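Tertiary structure, described
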Amino acid sequence: MIRARAMIVSLRLANSLLSTRQLWTQVTRFSTLSSPSLSKHSHIFHPFITHQKLYFSTNTNSIVQLLLDKNWSTELEGELVNSCPKFTHEIIVFVLKKLDREPQKASDFFNWACEKNGFRPSSALYSLMLRILLNKDSMKQFWITLKKMKELGFYVDEETYVSLLGILRKEKMSADAVAFTHFFNRMVQDNAMDDVVKKVVGVVLGADWNEEIEKELGEMSIVPSDNFVIRALKELRNYPDKALSFFRWVGCFPDYKHNSTTYNAIARVLGSKDSIKFWSAVEEMKSSGHEMDIDTYIKISRQFQKHKMLEDAVKLYEFMMDSPFKPSVQDCGILLRIISRIDNPDLDLVFRVVKKYEASGYTLSKAIYDGIHRSLTSAGRFDEAENIIKVMRNAGYEPDNITYSQLVFGLCKAGRLEEACRVLDEMEAHGCIPDLKTWTILIQGHCAANEVDKGLMCLAKLIEKRCDVDADLLDVLINGFLQQKRIEGAYTMLVEMVKKMRVRPWQATYKLLIEKLLGVRKFEEAMELLLLMKKQNYPPFSEPFVPYISKFGTVEDAADFLKALTVKEYPSISTYLNVLESFLQEGRQSEAKDVLFKCPHHIRKHQEIGKLFGSSKTDEIKT
């Protein structure tokens, strides 16, 4: 019986979803299992994975566990050597990424691997180490590592420098930010290789790759090294074809051979630009005995997801799950979420991801079930989605607000609004109280379907149930009103929510509605929103008011506007100049002088104001 069930699961996961019937078959077969876990049968799906790879993958995880469980000692060093006699670039990256929240342990391991275990580091590894150490508790080790990096002839490339500097500034570590900038500038000046790299890059970018370029590069007497190749590829990252030509050319040197570090570097360059050449480079890397490191995988996967290259993102996930350096468990759920956000999710990709996840020995979690369910509901496959919920329940996971919200979203997307409303009743019947997120999705669905009034009825029910309204929900309603060109209704809604429900709208919501109000000559209403923004400590939003007042407004409107911008002190001189100049550009010189007359004394006497009106004319204005 168990064997028969395993065969059913194998068939379900082995076939692509080419039709609705096939999808239904997969889901219903899946639901017949008493337990959804496929970990007992994971060997069925991957006969091509060698025992060596599986052992190696387990080995890297055991290294990480050793480092997490124990403090650094001679005994630990011995255990590490026994666990893995030879540490490669890929292993070091994998371990460091797993220790990214343990900077001291990561530093101890990295230093030991480089100094005592004979491993030769690279600038890419040092850059990764710096990212791990960049926090307030490990800045001493950060500076030690940075200086060591320079002593060994490695460098911080500009991309890494900008990234690290951004973190320092965000964390308000201004002294370290200044010191790091000085260090980087000195390192660039002192590094002779930097000039060579710039010359090489200049030649490569000068024309399409040809024999003349190869000849010119050959005359430069370059002695290639990993560090040199990585730096050049970084500079060529926006020119993938040229970067690949350079990579091939360097690889032809008799005394130089590409390795894991340089293959990963070219993979990063090609990752988001040219899918065909990227996969060709990956295959070459694999055939040369090297692996993609986990840091490279993360960066390229993000690029694929960002550019909606989901087929490549899934293929890359499958590739890495077959490698010794498997992505984290969370990566599966993240990828499923990205796929589900497409207007018409590719369900074949969804089940490819799940198949690979299960084949690697993992059991389906609540997050993975939700990922499958999200894509099915978004694609309008509600019967199959219901079957997934049944399977999920059999696995011990009860539907929650996340699960039901996905169903509500899918039904609204399909225009089945009444059914979506009934889902909330069904939730309560099962003891799951709809939260604000679920209500927001329901109301957003009504607004998207141009049923704002029905959305308001849902809002009334929400308030009856003593559920607080937040800025997200208010933004949804305001956009719903604006979609129907009901600008006054949007204004009334916002003011009521602020004054009676104590909602603090998003700054963007205020800005959008102010612009719309001014667009239909509702100056007083726009001013009221400006004052509400002021009360809620938002920075003043003056941009749309100035051209409106100078074209349609009165002198009193201008005075009221400038007064509204005053908090503890008067607005800046540039604000007054902007208002006065706008009046003059509209040919309203008389009104401009009247506005100036109402300005504070220090503004009327300001040098820039004198230049604007002419000093003789400003003298005529009463003080």
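Not measured: the values here are computed from a predicted model. (Residues numbered from 1 in each chain as written. Predicted model: local features only at pLDDT ≥ 70, side-chain atom pairs only at ≥ 80, totals over all residues. Heavy atoms only, no water.)

**Considerations on the confidence of the model for the protein chain**
We count it as follows: Per-residue confidence from the predictor is given as pLDDT, running between 0 and 100. Contacts are assigned to residue pairs with any non-hydrogen atoms lying within 4.5 Å of each other.
Put simply, the protein chain has an average pLDDT of 85, and 88% of its residues get 70 or more. With pLDDT under 50 throughout, residues 1-58 is counted as low confidence; its partners more than four residues away or in other chains account for 87 contacts. Low pLDDT, under 50, characterises residues 615-623; the stretch is placed with twelve contacts to residues that sit more than four places away or in other chains.

**Overview of helix α25 (residues 436-448)**
Selection rule: Each helix is a run of DSSP H or I of at least 4 residues and each strand a run of E of at least 2, with the numbering of both proceeding from the N terminus. One fewer than the residue count of a helix, multiplied by 1.5 Å, yields its expected span. Note on exposure labels: buried denotes an accessible area under 20% of the residue type's maximum, exposed denotes more than 50%, and partly exposed covers the range between, all computed with a 1.4 Å probe on protein chains only. Here a polar contact means two N or O atoms within 3.5 Å. Within protein one must be a hydrogen donor candidate and the other an acceptor candidate, and residues neighboring in sequence count only if both atoms are side-chain atoms.
Helix length check: α25 (13 residues) gives 18 Å between terminal C-alpha atoms against 18 Å at 1.5 Å per residue, within 8%. Those residues of α25 lying buried are L436, T438, W439, T440, I441, L442, I443, G445, H446 and C447. Elements in contact with the buried residues of α25: α23 (401-413), α24 (417-429), α26 (452-464) and α27 (471-483). Sitting at the head of α25, D435 places a side-chain oxygen 3.2 Å from the backbone nitrogen of K437. In the stretch just after α25, N450 is the one whose phi turns positive, near 65°.

**Re the nonpolar core**
Here is the rule: Grouping buried Ala, Val, Leu, Ile, Met, Phe, Trp, Tyr and Cys residues that are joined through side-chain atoms within 4.5 Å yields what is termed a nonpolar core.
Formed by 116 residues in total, the largest nonpolar core has its most connected members in L96, F142, F180, F246, F278 and M292. Among the elements that line this core, the one with the most residues is helix α18 (residues 310-321), at eight residues. Discounting chain neighbours no more than four positions away, the residues touching F278 are A267, L270, G271, M292, I300, F304 and L316. Counting 76 residues, the second largest nonpolar core, distinct from the first, contains C412, I441, V503 and L532.

**What to know about the packing of aromatic side chains**
Where we set the bar: Two rings from Phe, Tyr or Trp (for Trp, the six-membered ring) form a pair when their centres are within 6.5 Å of each other. A pair whose planes differ by under 30 degrees is stacked, one over 60 is edge-to-face, and the rest are tilted. By definition, being over a ring means that NZ of Lys or CZ of Arg is both within 6 Å of the ring centre and within 35 degrees of the ring normal.
Taken as a whole, this structure holds 26 aromatic pairs when the rule is applied. Ring centres 5.4 Å apart and planes at 35° place the aromatic pair Y126 and F154 in the tilted group. Within this pair, whereas Y126 is found in helix α7 (residues 123-133), its partner F154 is found in the loop between α8 (139-151) and α9 (158-170), the two being separated by 28 residues in sequence. With respect to class, Y126 is no different from F154; both count as buried. Taken together, a centroid distance of 4.1 Å and an interplanar angle of 5° make the contact between Y161 and F184 stacked. In this pair, Y161 sits in helix α9 while F184 sits in helix α10 (residues 174-190), placing the two residues 23 residues apart along the sequence. Under the relative-accessibility criterion, F184 is labelled buried at 9%. An aromatic cluster is defined as three or more aromatic residues linked by ring pairs; in this entry it consists of F142, W143, Y161, F180, F183 and F184. We note R231 situated over the ring of Y155; from NZ or CZ to the ring centre the distance is 4.3 Å.

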